[in-house]
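Per-entry structural report
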Amino acid sequence: MARTTGRSSTHLTRRLVQLYVGLALYGASSALLVRAGLGLEPWGVLHQGLAERTGISIGVVSIIVGAVVLLLWIPLRQRPGLGTVSNVFVVGLAMDGTLAVVGDLDALGIRIPVMVLGIVLNGVATGLYIAARFGPGPRDGLMTGLNHITGRSIRLVRTALEVAVVATGFVLGGSVGAGTVLYALAIGPLAQLFLRMFALPAPAGTGVPVASGEPSAPATAAGSGPVAAPPSGQAILPQ
């Protein structure tokens, strides 16, 4: 019994470490894309546009938007998990912290590698965060909630949401460019790769891994909200 309890405690500790390291890296990767100045991920475009208009830091804007999106879960009957609430705060704080350390970049020869590093690091963060299974991010919960309410596919709902936030962010002054396109093309394969890499071993007494590289069916983690499964080849990102 003591051995089983010890294994369970170690398993939970690893999940928590993956959760918070993943969220911190996600914020850092978003900050690198800001410094590269070659285009942000979809929600990052909106955050940057709002930051430009309000004068608030982009990390704080991310926190505010995440909190507002989380409120939209109420009518959609989505249940937040620890990862959901942590996402709202940790990503924004990590983003502002990284921006404070990494200054403006001028040379294109530096900005391009930083952009690529930001996208790859975002994939690493995605694998860590999702594999921890502590609930979807606020924006993903909005997506899955709309999927349940409207009956439309995850792919269609996600595409519609991201087109809307990119267009809104661009109008507000957010950065859309090569980085936005490369991110859209690369993040799915990267997320799948790192989901496999960071999949957790099965907890004691079960034969099912906590996360796999091919999330093809809905699953829930203890103490977390539902994690909707994406279509084949499409990862649900921790946004």
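Right above here is the structure, for reference.
This text gives an overview of the structure that appears in the document. Predicted model only: the values in this text are computed from it and were never measured.

**Things to note about the overall build of the chain**
When helices and strands are counted, the chain shows 9 helices and 2 strands. Across the 239 residues that make up the chain, the buried fraction comes to 51%. Counting contacts in the chain only where the partners sit at least 6 residues apart, residues at least 24 apart contribute 79% of the total. Surface summary for the chain: the accessible area is close to 10,900 Å², and the carbon and sulfur share equals 69%.

**Thoughts on the packing of helix H7 (residues 138-150) against helix H8 (residues 154-172)**
Axis separation between H7 and H8 bottoms out at 9 Å; the angle between their running directions is 125°. What the angle tells us is that H7 and H8 run oblique. Regarding H7 and H8, the two cross each other, and that crossing is right-handed. Touching Asp140, Leu142, Met143, Thr144, Leu146, Asn147 and Thr150 of H7 are Ile154, Val157, Arg158 and Leu161, all from H8. The residue inventory of the contact of H7 with H8, partitioned by class, reads 6 nonpolar, 3 polar and 2 charged.

**Details of the pattern of salt bridges**
Pairing between side chains of opposite charge can happen when their charged atoms approach one another. Per the counting criterion, the structure on display carries 3 salt bridges. With a closest N to O distance of 3.0 Å, Asp104 and Arg35 form a salt bridge. A residue pair is termed long-range when its members are at least 10 positions apart, and Asp104 in the loop between helix H5 (82-101) and helix H6 (108-132) and Arg35 in helix H1 (residues 2-36) qualify at 69 residues. The class of Asp104 is exposed, set by a relative accessible area of 64%. The partner of Asp140 in a salt bridge is Arg158, with the nearest N and O atoms 3.9 Å apart.

**Brief notes about the packing of aromatic side chains**
What the rule picks out here adds up to 1 aromatic pair. In this arrangement the basic side chain of Arg139 is found over the ring face of Trp43, its NZ or CZ atom lying 5.3 Å from the centre.

**Concerning the environment of His148**
When you line up the elements, His148 lands in helix H7. Residue class for His148 comes out exposed when judged on its relative accessible area of 52%. Residues His148 and Gln78 lie 70 residues apart in sequence; the distance between their C-alpha atoms is 9.8 Å.

Thresholds, definitions, all that
Residue indices begin from 1 for each chain and proceed along its sequence in written order. Only residues with pLDDT of at least 70 get local features here, since the model is predicted, and only at 80 or more are side-chain atom pairs given and counted; chain-wide, interface and lining totals rely on the full set of residues. Excluding hydrogens and water, the side-chain values take into account all heavy atoms of the structure. Helix and strand assignments follow DSSP, with helices taken as H or I runs no shorter than four residues and strands as E runs no shorter than two, numbered in order from the N terminus. Partly exposed describes any residue whose relative accessible area lies between the buried limit of under 20% and the exposed limit of over 50%, with all areas from a 1.4 Å probe on protein chains only and scaled to the type maximum. A contact between two residues is defined here by any heavy atoms of the two lying within 4.5 Å. Only the protein chains shown count as cover for residues, and all accessible areas are computed by the Shrake-Rupley method using a 1.4 Å probe. A fitted line through C-alpha atoms represents every axis, and for helices the fit uses only the stretch in contact; the resulting angles, taken between N-to-C directions, go from 0 to 180 degrees. In this scheme, roughly parallel covers angles under 35 degrees and roughly antiparallel covers those over 145, while 65 to 115 is roughly perpendicular and the rest are oblique. Crossing handedness is defined as follows: a turn of the near helix away from the far one that is anticlockwise and smaller than a right angle gives a left-handed crossing, while the clockwise case is right-handed. When residue character is reported, Ala, Val, Leu, Ile, Met, Phe, Trp, Tyr, Cys and Pro are called nonpolar, Asp, Glu, Lys and Arg charged, and the others, Gly included, polar. A pairing counts as a salt bridge when a side-chain nitrogen of Lys or Arg comes within 4 Å of a carboxyl oxygen of Asp or Glu. Aromatic contacts are taken between Phe, Tyr and Trp rings whose centres are within 6.5 Å, Trp giving its six-membered ring; a plane angle under 30 degrees counts as stacked, one over 60 as edge-to-face, and the others as tilted. Charge-over-ring placement is defined geometrically: NZ (Lys) or CZ (Arg) within 6 Å of the ring centre, and within 35 degrees of the ring normal.

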